[in-house]
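Listed here are the chains, written in short residue letters.
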Amino acid sequence: MTKITFAVIAAAAMLFASCTKAPTTNFSFESSDLFFEIADSLSQNQKVAEETWARLFDTKGYKTLCDDDEMNDVRRAAELVFAPNKKAELDSILKAPYDSDDDVDLKMKILVRNYVNLQSHFDDAKKFRTSYDFGKVKTAATKIVHDFLPSPVDSLLTFPNIEFFCYARDASNCGSCIIFDFNYFYLYPQGCIESMAHEMFHNYRYNFTNDDIIYSEPLLIVLDHLQDEGIADLINKKSSESAAKKLTELEYPELYEQKYLKALNNSSELLAELESLTFQNLDGELSDDDYKKQIYNLFPFKGHPVAYKITQLFIKHGLRDQMMETFDNPLEFIKLYNSIAESEGLYVFSDRFVSHIEQLFTKPQPAE
Ligand SMILES: [Zn+2]
């Protein structure tokens with residue numbers, strides 16, 4: 001199987017902040033260790049040199065995931081939380097409303113809350129950093145994916161590089177590694193190990209997908225993404241409701257939980273809209289650019305609520321084997337979905353839509 005250039009994959013992956021390959025095994029604490037040093041200095045009312053901040057933001061975790069504004073937020077939040085003389089300003093931020101969708105300061109508020117939480121057990125977190133057996137993480141995550149995949153699993157299953165930094169309570173796949181907030185791992189080590197297994201599944205599946213075709217068609221990119229995330233979510237999520245609730249547990253605004261549930265409840269309408277937009281494009285009523293933009297932004301939370309709902313229904317209908325046998329094929333994913341949609345009261349894709357996907361898969365590819 002020929003793979004298209006990494007640049008194209010990366011561009012498509014970034015549309016969803018999605019997940020790509022990570023070939024080797026490693027844990028790096030470069031970013032989180034320096035953050036801890038800085039937090040210690042701030043706690044003791046010591047001035048942190050500009051050069052030290054620059055060094056922090058030059059570490060892989062921050063350099064990879066944060067733009068200049070986000071780095072400024074990290075610095076401001078760290079100073080507010082850890083420097084004792086900023087307490088009044090910190091209190092006013094913590095008391096401010098925390099539910100606005102358009103709040104430009106929302107990211108900052110999320111960050112501040114996570115740092116306040118980290119500070120509340122800072123000494124224990126530092127001890128955890130040196131005493132926790134990170135070696136067992138690899139074994140545990142690999143076992144989870146092994147148990148999840150049909151046997152035999154081959155050597156294509158690899159453990160990714162893990163970078164720790166201190167940011168919002170989350171994990172992000174950056175292509176060559178997965179970047180975890182240290183406090184997130186400290187609070188939920190088992191959940192984070194399961195997240196690593198989720199990412200390992202993405203990397204494993206990527207060895208089998210026909211990317212020359214998938215990445216040449218926006219619709220296939222979207223369907224591929226839904227299939228990929230829906231199956232991967234079966235690894236580390238217990239239910240849709242708990243996935244929504246988790247957002248609030250992680251101290252994201254309650255609005256996030258409501259938005260997740262709204263997307264979940266609107267799954268049928270969102271899938272119908274995908275078909276409708278596709279036909280508008282095919283019928284010349286919607287330009288290629290607008291079509292692409294609209295379908296890439298159609299499914300909230302990177303498609304997780306809808307995708308995971310579909311794969312849970314596959315399990316409910318005893319279709320796990322079929323789902324896994326065709327885990328690299330978005331066309332089969334849609335056919336499998338259609339086989340259960342009507343009985344679940346969900347939108348059934350039309351024959352025209354399914355034929356269109358079939359055609360996209362069988363269209364001649366440019367000669368190499
Ligand atoms: Zn994922």
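Residues numbered from 1 in each chain as written. Predicted model: local features only at pLDDT ≥ 70, side-chain atom pairs only at ≥ 80, totals over all residues.

Scanning the protein from N- to C-terminus turns up 21 helices and 4 strands. In terms of overall size, the protein behaves like a compact globule, its C-alpha atoms giving a radius of gyration of 22 Å where 368 residues would be expected to give roughly 21 Å. Taken over the C-alpha atoms alone, the protein extends approximately 65 × 45 × 40 Å along its principal axes. Expressed as a percentage of its 368 residues, the buried residues of the protein come to 34%. If you take every contact in the protein between residues at least 6 apart in sequence, the share linking residues at least 24 apart comes to 69%. (Helix = DSSP H or I, 4+ residues; strand = E, 2+ residues; numbered from the N terminus. Rg over C-alpha atoms; globule rule 2.2 N^0.38 Å. Buried ≥ 20, exposed ≤ 12 C-beta atoms within 10 Å, placed from the backbone. Contact = placed C-beta atoms within 7 Å.)

Moving on to the domain arrangement of the protein. Taken domain by domain, the protein holds domain 1 (19-208) and domain 2 (211-362). A straight line from the C-alpha centre of domain 1 to that of domain 2 covers 28 Å. Contacts between the two partners involve 20 residues from domain 1 and, on the opposite side, 14 residues from domain 2. Put simply, the parts of the chain that give the side of domain 1 that touches domain 2 at least two residues each are α7 (106-120), α9 (135-148) and α11 (189-206). At 7 residues, the largest contribution of residues to the side of domain 1 that touches domain 2 is made by α11. Its residues assigned to classes, the side of domain 1 that touches domain 2 shows 9 nonpolar, 5 polar and 6 charged. (Domains from an automatic or database assignment. Nonpolar A, V, L, I, M, F, W, Y, C, P; charged D, E, K, R; others polar.)

Looking now at the packing of helix α14 (residues 240-249) against helix α15 (residues 254-265). In a pair of packed helices, the angle between the axes and the distance between the axes together describe the arrangement. Two elements in contact, α14 and α15, have axes whose closest approach is 7 Å; the angle formed by their N-to-C orientations is 160 degrees. It follows that α14 is roughly antiparallel to α15 by the angle criterion. The hand of the α14/α15 crossing is right-handed. Residue-level inspection shows S240, A243, A244, K245, L247 and T248 of α14 in contact with α15, the latter providing E254, Y256, E257, Y260, L261 and L264. Considering only residue class, the contact of α14 with α15 consists of 7 nonpolar, 2 polar and 3 charged. (Axes fitted to C-alpha atoms, helices over the stretch in contact; angles between N-to-C directions. Parallel < 35°, antiparallel > 145°, perpendicular 65-115°, else oblique. Left-handed = near helix turned anticlockwise from the far one by under 90°.)

What follows deals with the pairing of strand β4 (residues 178-181). Burial along β4 is two-sided: I178 and F180 facing one way and I179 and D181 facing the other are all buried. Of the pairings in the sheet, the one linking strand β2 (residues 161-165) to β4 comprises 4 bridges and is parallel in character. Its bridge partner being in β4, E163 is matched across the sheet by I179. One ladder, built from 3 bridges, connects strand β3 (residues 171-173) with β4; its direction is antiparallel. From the neighbouring strand, S172 faces β4, where its bridge partner is I179. Here β3 folds back onto β4, and the loop between the two strands holds 4 residues, one of which, G175, carries a positive phi near 100 degrees. (Pairing = 2+ DSSP bridges.)

Glancing now at unusual backbone geometry. Not every positive phi belongs to a glycine, and E251 is a case in point at roughly 70 degrees. Residue classification places E251 among the partly exposed residues on the basis of 15 C-beta atoms within 10 Å. Not every positive phi belongs to a glycine, and F301 is a case in point at roughly 55 degrees. Secondary-structure assignment places F301 in the loop between α17 (288-296) and α18 (304-316).

Quick look at helix α16 (residues 267-282) now. For α16, spanning 16 residues, the distance from its first C-alpha to its last is 23 Å, which sits close to the expected 22 Å at 1.5 Å a residue. Those residues of α16 that fall on the buried side of the exposure criterion are S267, L271, L274 and T278. Down the axis of α16, the sector holding all buried residues measures 45 degrees, keeping them to one side. Following α16 by one or two positions, G284 adopts a phi angle in the positive range, close to 75 degrees. (Expected span 1.5 Å × (residues − 1). Arc of directions from axis to C-beta.)

For the rest of this paragraph, the subject is the pairing of β2. Along β2, 4 of the 5 residues are buried, which leaves the element largely enclosed by surrounding structure. Pairing of strand β1 (residues 26-28) with β2 involves 3 bridges; the strand directions are parallel. Bridge pairing in β2 links S28 to E163.

Strand order in the open sheet made by the 4 strands is β1-β2-β4-β3, with mixed pairing throughout. For this open sheet the edge positions go to β1 and β3, each flanked by a neighbour on one side alone. Averaged over all pairs of adjacent strands, the angle between their axes in this sheet comes to 20 degrees, without regard to strand direction.

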